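Residue-level structure breakdown
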Amino acid sequence: MNQSLSIEDQVNQINALLPQTQCTKCGFSGCKPYAQAIVDGKAGINQCPPGGSSGIKKLANLLQVQSQPLDPSFGVEQARTVAFIIEEDCIGCTKCLPPCPVDAILGANKHMHTVITAECTGCELCIAPCPVDCIMMIPIESSSHWSQADADKAKQRFLNKEKRLQKQAEERIARLAKQKQMLAKLRSKK
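Here the structure is a predicted model, which means the values were calculated and not measured.

Right, let's get into the packing of helix 1 (residues 7-17) against helix 3 (residues 52-63). Interaxial distance between helix 1 and helix 3 falls to 9 Å at its minimum, and their mutual angle equals 155°. Classified by the interaxial angle, the pair formed by helix 1 and helix 3 is roughly antiparallel. Helix 3 is crossed by helix 1, and the crossing has right-handed handedness. Contacts from Q13, I14 and L17 of helix 1 reach helix 3 at K58, L59, L62 and L63. Classifying every residue of the contact of helix 1 with helix 3 gives five nonpolar, one polar and one charged.

This is how it looks when you write it as structure tokens:
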């Protein structure tokens, strides 16, 4: 890698090569934190099961280091899968919605949920919170490989969700501040 690049540029170049599934299988909270850990020397280039051997080769080429096999302690390379909700078993608890990094699950409280298959990254983060085990991972067509376009789309959906959550948090803080001000005014009038 070009050492004259800033740390941020190095992280961005590595992040651009990652699959953007945000699956956390690498041991980090998402693809960008994993990229940061690689730059910081705290992670190897072989910790991303969704990226697999081709992802490791891309990282090795970028960083000008020798490629290595996927570290099995982080998982195994496998065919691409997507989440599928067994709708008749879904109780509408909404526990699968927050962990989905790309908002690929649609549903509302006490209503059946479904997965937007074309948007699902296969991260598996929705499985553990489901109290009725109605989510399973199913392989998709073998001709459909995770492409750079898929990664770019997933990254944008992830960033959109992050922005939405940030905006909601800011709005909540503003509402609470306004309520606090109103309460203080009411108390001062007594």
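Having seen the model, we can carry on.
Our focus in this paragraph is the layout of surface pockets. Volume-wise, the largest pocket comes out at about 640 Å³. Around the largest pocket, the lining is made up of 32 residues, and of these P50, G51, Q78, R80 and W146 lie nearest the centre. Mapped by element, the contributors of at least two residues to the lining of the largest pocket are helix 3 and helix 4 (148-189). Ranked by the residues each element gives to the lining of the largest pocket, the list is headed by helix 3, at three residues. Here the residues of the lining of the largest pocket are counted per class, giving 12 nonpolar, 14 polar and six charged.

We now examine helix 2 (residues 31-39). Taken as a whole, helix 2 has its buried residues at C31, Y34, A35, A37 and I38. The arc enclosing the buried residues of helix 2, seen along the axis, measures out at 160°, which places them on a common side. Where helix 2 is buried, its residues contact helix 1 and helix 3. Following helix 2 by one or two positions, G41 has its phi on the positive side, about 75°.

Taken N-terminus to C-terminus, the directions of helix 1 and helix 2 make an angle of 125°; their axes are 8 Å apart at the nearest point. When the interaxial angle is binned, helix 1 and helix 2 end up oblique. Viewed along their axes, helix 1 and helix 2 form a crossing whose handedness is right-handed. Between helix 1 and helix 2, the residues in contact are I7, Q10, V11, N12, I14 and N15 and C31, K32, A35, Q36, I38 and V39, respectively. In terms of residue class, the contact of helix 1 with helix 2 is made up of seven nonpolar, four polar and one charged.

Scanning the entire structure with this criterion turns up one aromatic pair. Ring centres 6.0 Å apart and planes at 25° place the aromatic pair F28 and Y34 in the stacked group. Owing to a relative accessible area of 25%, F28 belongs among the partly exposed residues under this scheme. By relative accessible area, Y34 is classed as buried at 1%.

Glancing now at the side chain of H113. One can find H113 in the loop between strand 2 (105-106) and strand 3 (114-115). Within the structure, the side chain of H113 is placed 3.3 Å from the backbone nitrogen of T94, a separation counted as a polar contact. In terms of polar contacts, H113 uses its side chain to reach the backbone carbonyl oxygen of H111, at 2.7 Å. The contacts of H113, once residues within four sequence positions are left out, are I85, E87, C90, G92, C93, T94, C96, L97, I105, L106, G107 and A108.

The subject of this paragraph is the pattern of salt bridges. Enumeration according to the criterion identifies six salt bridges in this entry. The residue K25 makes a salt bridge to E124 at a minimum N-O spacing of 3.5 Å. Of the two residues, K25 sits in the loop between helix 1 and helix 2 while E124 sits in the loop between strand 3 and strand 4 (135-139), which places them 99 residues apart along the sequence. We classify K25 as partly exposed; its relative accessible area is 24%. We note a salt bridge from R164 to D103, for which the minimum N-O separation is 2.9 Å. Here R164 is found in helix 4, whereas its partner D103 is found in the loop between strand 1 (81-85) and strand 2, with 61 residues between them in sequence. Take R164: its relative accessible area is 34%, and that puts it in the partly exposed class.

Cut-offs applied
Residues numbered from 1 in each chain as written. Predicted model: local features only at pLDDT ≥ 70, side-chain atom pairs only at ≥ 80, totals over all residues. Heavy atoms only, no water. Axes fitted to C-alpha atoms, helices over the stretch in contact; angles between N-to-C directions. Helix = DSSP H or I, 4+ residues; strand = E, 2+ residues; numbered from the N terminus. Parallel < 35°, antiparallel > 145°, perpendicular 65-115°, else oblique. Left-handed = near helix turned anticlockwise from the far one by under 90°. Contact = heavy atoms within 4.5 Å. Nonpolar A, V, L, I, M, F, W, Y, C, P; charged D, E, K, R; others polar. 1 Å grid on protein atoms, 1.4 Å probe; cavity = no way out; pocket = protein on both sides within 12 Å on 5 of 7 lines; lining within 4 Å. Points joined across faces, edges and corners; volume = space filled by probe spheres on them. Buried < 20%, exposed > 50% of the residue type's maximum accessible area, 1.4 Å probe, protein only. Arc of directions from axis to C-beta. Phe/Tyr/Trp six-rings, centres within 6.5 Å; stacked < 30°, edge-to-face > 60°. Polar contact = N/O pair within 3.5 Å; in protein donor to acceptor, adjacent residues only side chain to side chain. Salt bridge = Lys/Arg side-chain N within 4 Å of Asp/Glu carboxyl O.

Everything listed here is a matter of coordinates, which is why it stays silent on function.
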